[in-house]
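Here's the letter readout for the chains.
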Amino acid sequence: MRAKRRISARLGDILQRMLGPVETGSRQRLRVKAQRCRPAPLQPRYGLMMLPQRMRLMLERNAKRNLPLIYALIGVPFLLYIFIVIVPLCISIFYSLLKWDGIGPQSFVGFKNFATMLKDRNFWLSTTNTLIISLYCVLGQVGVALVISFLMTNRRLKLKEFHRTVIFFPVVLAPVVIGFVWKFVYDQNFGLLNTLLRALGLQSWIRLWLDDTSIILTTISIPVMWQYIGLYLVILMGAISAVPTEIYECAEIDGANWYQRSMKITLPMIWDTLKIAIILCASGTMKIYDHIYIMTNGGPGRSSSVLALYCFKTTFDNSNFGYGATISVMLLVFSLLISWVIQLLMGSYGRKNA
Amino acid sequence: MKKITGAISWFFINVPIMLLSITCIFPVIWLGYSSLKTSTEFNLNSFSLPSALNFDNYRQAFQTAKFDVYLFNSAFNSFISLALVLLFTFVVGYLLSRYRFKGRGLVYGVFLAGILVPVYALIVPMFIMFKNVGLLNTRITLLFPYIAFELPIAIFLVDSYVKGISKEMEDAAAIDGAGMLRTMFTIILPICRPVLSTVVILAFMHTWNEFPFAQMLVMKAAYKTVPVGLTSFTSQFSVDYTLLMAALAMATLPVVVIYILFYKKIMQGMMAGAVKG
């Protein structure tokens, strides 16, 4: 046994000499890393540890004396936050049980608003629209961002820093501005898209982009996708850069190509971040409003109505405050539900793969 | 053979991403130069560069469309809420990470839960509440939601940053006789400058671009902000596209300048905010 091992060690030596710098290089690096991992020798600390007992007591007493000040300093922002976020959250549940036009008398109707909602065809249309747009956005934002972030690890891709900076740029623009810009892009007469199609000789592709009910959900999703690809790209690239490079080096030595490295190493290593990105994207798209208000305002007809838009229209245009609050509550419920479902789905899949 | 496949894969990797990058930046450039055209020029050819620099659209936006009022209101909201967000998040973040006191868990928990709340669901109840208190349509109406929504993520950014600062400095300050406030503002504040600048930039982006709250809570023309002002352009001047483009360009310019100056910081901040959330 021992002889065998000695032989294999000898073989290793010979192999090492034959294979040359690659092998020794990575070995050396590993050795250096191992040294780095060893715990540092204990050194005397000249900090609070060495303070005399009396001084420490004094410091603690100081902290106690400051207590009213601490409460005052934290209290102001905390109360502001309670009144602006937590209180409306609670009263929205209360108002969802009322029938109220915003001015006249309020009458308590129990769960009648929720019953109306179940039968309200426009509510369900808005809900399905919102869900479809969310699905598009998850695929279009996180999916495209994932592909690009994989490509960013490819040596053939040039100008990586430029691409990252430029693709992130639309994230910081106002959604209202994005809505207007894409309205110009889609415009049927002078819009960039149709001008481009005409120039390329693809007249048959020209559509009334924002007036065609059969494609409206796709056309209004594209600006939203386009705006936020950069955000998820940066999140995923951050996660990829946290994967230790040694793993990639080993895989490369073993002959894994870029595709295999992406699928077998990167994807499992960034699974948690991917999950967060998808939750963020789906629950973020549930409350989509600005882009659609600018581009179509729910039209043509009600074909591009979404939950937030429907909620505001019921409340402020039809002055149905009770029912508006009901839809608000549902908006809240849906966003929490969707994050929970994604957590459930991706959690189990990830565990099976890992 | 290998060279050819290499060239093909180079093409398929570089070209689509380059196209995406161009689409990301071109609309804004187009917006910029189109706003310098006259309407007739724009209607003839929407793609071409302007034949001469023509600032009439900008002049008109200020004179007839009262764009200066919107700009002032947006700037007012942004700066006041920035100052208060900065103060609040620094104080709360620092105290939460350094001091143990009764109710600390509650404060922490409420702010943490706040990250999960989709703020759009709050507009209707907030409208009702503000109406009852008489806070609708005032100059300070929007400050309340803007400050409150910025708090949770900013507090956690500051909190985790302060946790990384060693405590010895504060102990030394305390032994030298500095009180809590003095330690906080003269010793910790300068150290926290990087994270505070991230907070400021993110808060500015959010406040400057915010639309639904500004639209619902403020109906008075004198207090409207830039994003809401932009929507009034289409209803009043439904045909004048170059005028609208000038307004859009002005609404975008501050954000673009800040992005060019601080894009690394913005990416870091958004990433941290996203991963925390």
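Not measured: the values here are computed from a predicted model.

On to the overall build of chain A, then. Looking only at helices and strands, one finds 16 helices and two strands in chain A. For chain A, the proportion of its 354 residues judged to be buried stands at 36%. Looking at chain A alone, contacts between residues at least 24 apart form 72% of all its contacts between residues at least 6 apart.

With that settled, consider the overall build of chain B. Each helix and strand counted, chain B has 13 helices and zero strands in total. Listed by position from the N terminus, the elements making up chain B come as α-α-α-α-α-α-α-α-α-α-α-α-α. Against the compact-globule benchmark of 19 Å for 277 residues, chain B has a radius of gyration of 24 Å, which places it well outside the compact range. Within the span of chain B, comprising 277 residues, buried residues form 41% of the whole. Of all intrachain contacts in chain B linking residues separated by at least 6 positions in sequence, the fraction that spans at least 24 positions is 78%.

The largest bend in helix H4 (residues 67-95) of chain A amounts to roughly 35° and is located at A:Ile82. Within the sequence span of H4(A), burial applies to A:Leu73, A:Ile74, A:Pro77, A:Tyr81, A:Ile84, A:Val85, A:Pro88, A:Leu89, A:Ser92 and A:Tyr95.

The next point concerns the interface of chain A and chain B. If you look at the interface, chain A gives 74 residues, while chain B gives 68 residues. Ranked by the residues each element gives to the side of chain A that touches chain B, the list is headed by H4(A), at 18 residues. Looking at side-chain class alone, the side of chain A that touches chain B contains 56 nonpolar, 14 polar and four charged residues.

Turning to the confidence of the model for chain A, a few remarks are in order. All names here are of chain A. Of all residues in chain A, 80% have pLDDT values of 70 or greater, and the mean over the chain is 79. Across chain A, element-level confidence peaks in helix H6 (residues 121-151) with a mean pLDDT of 91 and bottoms out in helix H2 (residues 21-37) with 45. Scored below 50 in pLDDT, residues 14-48 shows seven contacts in the model against residues more than four places distant or in partner chains.

For any part of a model where pLDDT is low, the fine detail of the predicted coordinates should not be relied upon. Residue and element names in this part refer to chain B. For chain B, per-residue confidence averages 84 on the pLDDT scale, and residues scoring 70 or more make up 96% of the total. Mean pLDDT values for the elements of chain B range from 76 in helix H2 (residues 39-44) up to 91 in helix H4 (residues 67-98). In the predicted assembly, ipTM is 0.87 and pTM is 0.81.

Let us now look at the domain arrangement of chain B. Frequently, the measure chosen for interface size is the accessible area that the parts lose on association. Residues and elements named next belong to chain B. Taken as a whole, chain B is organised into domain 1 (2-34) and domain 2 (61-276). A separation of 35 Å is found between the C-alpha centroids of domain 1 and domain 2. Taken residue by residue, the interface counts four residues in domain 1 and five residues in domain 2. Looking at the side of domain 1 that touches domain 2 residue by residue, the class counts come to two nonpolar, two polar and no charged.

Residues and elements named next belong to chain A. Relative to the 16 Å expected for 12 residues at 1.5 Å per residue, helix H8 (residues 175-186) spans 16 Å between its end C-alpha atoms, a close match to the ideal helical length. For H8, the tally of buried residues reaches 12 of 12 residues, placing the bulk of the element in the interior. Of the residues making up H8, those classed as buried are Pro 175, Val 176, Val 177, Ile 178, Gly 179, Phe 180, Val 181, Trp 182, Lys 183, Phe 184, Val 185 and Tyr 186.

For the rest of this paragraph, the subject is the domain arrangement of chain A. Split by domain assignment, chain A resolves into domain 1 (64-95) and domain 2 (119-353). With centres defined by C-alpha atoms, the gap from domain 1 of chain A to domain 2 of chain A works out at 34 Å.

The next thing to look at is the nonpolar core. Judged by nonpolar contacts, the single largest core of 162 residues is most densely connected at A:Tyr232, A:Leu236, A:Leu331, B:Val158 and B:Ala247. Discounting residues that sit within four places of it in the chain, A:Leu236 has contacts with A:Ala145, A:Leu146, A:Ser149, A:Ile270, A:Thr273, A:Leu274 and A:Ala277.

What follows concerns the environment of B:Gly114. Assignment of secondary structure puts B:Gly114 in helix H5 (residues 104-116). When the 21 C-beta atoms within 10 Å are taken as the criterion, B:Gly114 is described as buried. Separated by 39 residues in sequence, B:Gly114 and B:Ile153 have C-alpha atoms that sit 9.0 Å apart. Setting aside chain neighbours within four positions, we find B:Gly114 in contact with A:Tyr81, A:Val85 and B:Pro152.

Next up on the list: the packing of helix H7 (residues 160-168) of chain A against helix H10 (residues 216-241) of chain A. Residue and element names in this part refer to chain A. Viewed as axis vectors pointing N to C, H7 and H10 meet at an angle of 135°, and their least axial separation amounts to 7 Å. By the angle class used here, H7 and H10 are oblique. Along the contact surface, H7 presents Arg 164, Ile 167 and Phe 168, while H10 presents Ile 229, Gly 230, Leu 233, Val 234 and Met 237. Split by residue class, the contact of H7 with H10 holds six nonpolar, one polar and one charged.

About the cut-offs
- Residues numbered from 1 in each chain as written.
- Chains lettered and ligands numbered in written order.
- Predicted model: local features only at pLDDT ≥ 70, side-chain atom pairs only at ≥ 80, totals over all residues.
- Helix = DSSP H or I, 4+ residues; strand = E, 2+ residues; numbered from the N terminus.
- Buried ≥ 20, exposed ≤ 12 C-beta atoms within 10 Å, placed from the backbone.
- Contact = placed C-beta atoms within 7 Å.
- Rg over C-alpha atoms; globule rule 2.2 N^0.38 Å.
- Bend = angle between axes of the 7 residues up to and from the residue.
- Nonpolar A, V, L, I, M, F, W, Y, C, P; charged D, E, K, R; others polar.
- pLDDT = per-residue confidence, 0-100.
- Domains from an automatic or database assignment.
- Expected span 1.5 Å × (residues − 1).
- Core = buried A, V, L, I, M, F, W, Y, C linked by C-beta atoms within 7 Å.
- Axes fitted to C-alpha atoms, helices over the stretch in contact; angles between N-to-C directions.
- Parallel < 35°, antiparallel > 145°, perpendicular 65-115°, else oblique.

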